[in-house]
Amino acid sequence: MPQSHGLRVLIATVQVPFVRGGAEILAEGLCRALVEAGHRAEIVAIPFKWYPPERILDQMLACRLLDLSETFEVPVDRLIGLKFPAYLIPHPRKVIWMIHQHRQAYDLWQHPLNDLDRYPNGDDVRGAIVRADTELIPQARGVFTISRNVALRMQRYCSLRGTPLYHPPQGAGLFYTCPAEDFLYFPSRINPLKRQDLVLEALSKTRSKIRVCFSGAADEPGFARTFATLAQQNGFEKRVEWLGAVSEEKKRDLYARSLGVLFPPIDEDYGYITLEAMLAQKPVITCTDSGGPLEFVVQRETGIVAEPTPEALAAAMDELWEDRDTAKRWGSAGRQRYADLHIDWGNVMEKLLQ
Amino acid sequence: MKILIATSSVPFIRGGAEILANNLRDAIAAAGHEAELVSIPFKHYPPERIADHMLACRLLDLTETCGVRIDRVIALKFPAYLIAHPNKVIWLLHQHRTAYELWDHPRAGDLIHGPDGPVIRDAIRQADRELIPEAKAIFTLSENVSGRLRRFSGIDSEPLYNPPAHAQLFYKGPTGDYLFFPSRITGVKRQWLAIRALAQCRERVRLRFAGEADSPMQQAECDNAVRELKLTDRVEWLGRVSEEQKRDLYANCLGVVFPPVDEDYGYVTLEALLSSKPVITCSDSGGSLEFVVDRQTGLVAQPTPESLAQAMDTLWTDRQRAAVMGEAGRARYEDLKISWENVVEKLLC
């Protein structure tokens, strides 16, 4: 029997088979929060493959053809669209909570990591994506984004407004802090966009013999060897450690015992790592072009915002390493800032369902 | 191997197909492969929506993920089995039934009532005829589904049986004094027929139903019939029950009543066999007829209240015989060698 209370909510996102990342965690987190609040919620995931470029057009059309307005004549009260092209699915009561647009058509166009611009029809497909976003995103009743960074990109490229709506990282209540030990922690998927290589370069330029602990699964299979070789060439095998993928429990332990957290990605959409560092009361070193983290790290109050160069990053690392009292103070200020921002699922649901 | 299971589903509705897809995924993983579900949302009305969803499926690309090849797609349901893949195997749960054998069914037929119904029916039939044979191999859920595929689409296939979830947990309890009818409460399962039969029974047969109604209206129709026929003290609606409760209800019943319209397969029959209980089904019930041997492991009645009532009276009055038929059913289940290992081996070969 249909439940008499609560709303029937569908969360529309995309599925890249066999790949799990932040977007999946977010969708599941939102779904769980809705169910716990007494609603009926389900995730609808549309498979997505972005190459060759004409496939993107096919899948945009596929999304437009789907009908999620009701099931067996009972209305779906709200559709929450998260990712391109799933947020293009039509629905009379749709809100978008945008994780990101198709970045290769926007901020990553002509970026070395892009591939869309290398196809002869790349430019046409990019045009179609921009037109679809510009015309169809405003059909939603409300447009929210996971961060100010995502809202600013949408404003810059599509002249559309979105309201940033922050949400907590997974297991937010379980983070804790311990006295700082002698290492900086860099937890992240190993990927060129996260710039682990920049940190390795910075290490060869620090005054102190700083130690860095990395964790996270590598996107490419041969990474363990690459990492070892790189460390050896630079002569700091003893100063770096890569743990690979670690459990959530182990990750929280590493945060808690670290001196500070390194997170210098390129134009991150949001970045749970910044928030997790704040929850563990640790200062964060990030870069001026890191995107999302800049919404949370206050320069020289909760961490350091460095230029994205080995030299500037090295200086920031030395500063934390040499002044443990300041590091501790900034860490506590970060925790306070997290509390001030009211980042919780209750707030997210209220906005998405209003 | 990297294997995707492609299916379609109606949001907020969980039934046999969803359970089967999950069990298949687990069985493939247990065989040492990587398996994931891809589920395309489906809405079957108004009729033109069906064409939209068929096209949507043809537009999807499951050949690779992040540059890594998908070795096989196992497709289960319409329209998801239309998704193209060079290494696709279909394990057909059913075609879109109201375009086929249920087209003009008085209760189940829906396409027939829309002005575009015939056009959409023909489009579905054409797509099935032309695109199902793209698959490398075609298996079906049952002999019944294979028979329909041959009759309507001229396509040959091999039936491939699968065990119900937690098959090993079913057990036999004492022979009880109620008949058990576990099923989603909806027109094609024919709870209404069982209620009318009950009114015709000579004996004071008791019937317990378990399962959720598809809509409050379906439940209301049943409730009204029970009231009008003055059967309130002989009928019990248990609603949704846990898996454990369900197994207990099977274990302790006298027999199982399962008279659906042309069921594709029917876990209920298998669960009854596993619990060593005789099954009363109907001559037009489809899948259950592949398992129920009349007068040996149960009774096959005509789909009329009178005939069904007679079968119910027979079990009610001859408990000894009911128990013997139940034992024979369990033996029959063993003979059929129904296992996930076998299913996975066939689908991946």
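Residues numbered from 1 in each chain as written. Chains lettered and ligands numbered in written order. Predicted model: local features only at pLDDT ≥ 70, side-chain atom pairs only at ≥ 80, totals over all residues.

(A) Structural context of the nonpolar core. With 102 residues, the main nonpolar core has I11(A), A12(A), L82(A), I5(B), A6(B), L76(B) and Y81(B) as its most contacted residues. Ranked by size, the runner-up nonpolar core spans 45 residues in total, among them F209(B), L289(B), V300(B) and A301(B). (Core = buried A, V, L, I, M, F, W, Y, C linked by C-beta atoms within 7 Å. Buried ≥ 20, exposed ≤ 12 C-beta atoms within 10 Å, placed from the backbone.)

(B) Highlighting the interface of chain A and chain B. Taken together, the contact pairs 25 residues of chain A with 29 residues of chain B. Counting only elements with at least two residues in the side of chain A that touches chain B, the list comes to β1 (8-15), β2 (40-47) and α2 (54-65) of chain A. The leading source of residues in the side of chain A that touches chain B is α2(A), at six residues. Of the residues that constitute the side of chain A that touches chain B, the class distribution is 15 nonpolar, three polar and seven charged. (Contact = placed C-beta atoms within 7 Å. Helix = DSSP H or I, 4+ residues; strand = E, 2+ residues; numbered from the N terminus. Nonpolar A, V, L, I, M, F, W, Y, C, P; charged D, E, K, R; others polar.)

(C) A look at the confidence of the model for chain B. Of the residues in chain B, 100% have a pLDDT of 70 or more, and the chain-wide mean is 96. Both scores are available for the predicted complex, with the pTM at 0.88 and the ipTM at 0.87. (pLDDT = per-residue confidence, 0-100.)

(D) Quick look at the environment of V293(B). Residues and elements named next belong to chain B. Structurally, V293 is set in the loop between β13 (279-282) and β14 (298-301). A count of 15 C-beta atoms within 10 Å places V293 in the partly exposed class. Put simply, V293 and I90 are 203 residues apart on the chain and 29 Å apart in space, counted from C-alpha to C-alpha.

(E) The packing of α2(A) against helix α2 (residues 47-59) of chain B, seen in detail. Across the interface, α2(A) lies against α2(B) with an axial gap of 8 Å and an inter-helix angle of 155 degrees. In terms of their interaxial angle, α2(A) and α2(B) are classed as roughly antiparallel. Handedness of the α2(A)/α2(B) crossing: left-handed. Of the residues in α2(B), those touching α2(A) at D58(A), Q59(A), L61(A), A62(A) and L65(A) are D52(B), H53(B), L55(B), A56(B) and L59(B). Its residues placed into classes, the contact of α2(A) with α2(B) shows six nonpolar, two polar and two charged. (Axes fitted to C-alpha atoms, helices over the stretch in contact; angles between N-to-C directions. Parallel < 35°, antiparallel > 145°, perpendicular 65-115°, else oblique. Left-handed = near helix turned anticlockwise from the far one by under 90°.)

(F) Representation of the sheet that holds strand β7 (residues 142-145) of chain A within the structure. All names here are of chain A. With respect to topology, six strands assemble into an open sheet ordered β2-β1-β5-β6-β7-β8, the strand pairing being parallel. The open sheet has two edge strands, β2 and β8 (163-164), and neither has a second partner. Note that strand β6 (residues 94-100) and β7 share four bridges and pair parallel. Note that in β7 the partner of V95 across the bridge is G142. (Pairing = 2+ DSSP bridges.)

(G) Representation of the sheet that holds strand β2 (residues 34-41) of chain B. All names here are of chain B. In space, the six strands of this open sheet follow the order β2-β1-β5-β6-β7-β8, with parallel pairing throughout. A single partner strand is all that each edge strand has here, and the edge strands are β2 and β8 (158-159). In this sheet, β2 lies alongside strand β1 (residues 2-9) in parallel orientation, the contact comprising eight bridges. Opposite L4, over in β2, you have E36 as the bridge partner.

(H) Expanded view of the domain arrangement of chain B. All names here are of chain B. Parsing chain B into structural domains produces domain 1 (2-160) and domain 2 (167-335). In this assembly, 12 residues from domain 1 lie in contact with 11 residues from domain 2. Mapped by element, the contributors of at least two residues to the side of domain 1 that touches domain 2 are β6 (88-94) and α4 (143-153). Per-element accounting of the side of domain 1 that touches domain 2 gives the leading share, three residues, to α4. Looking at the side of domain 1 that touches domain 2 residue by residue, the classes come out as four nonpolar, five polar and three charged. (Domains from an automatic or database assignment.)

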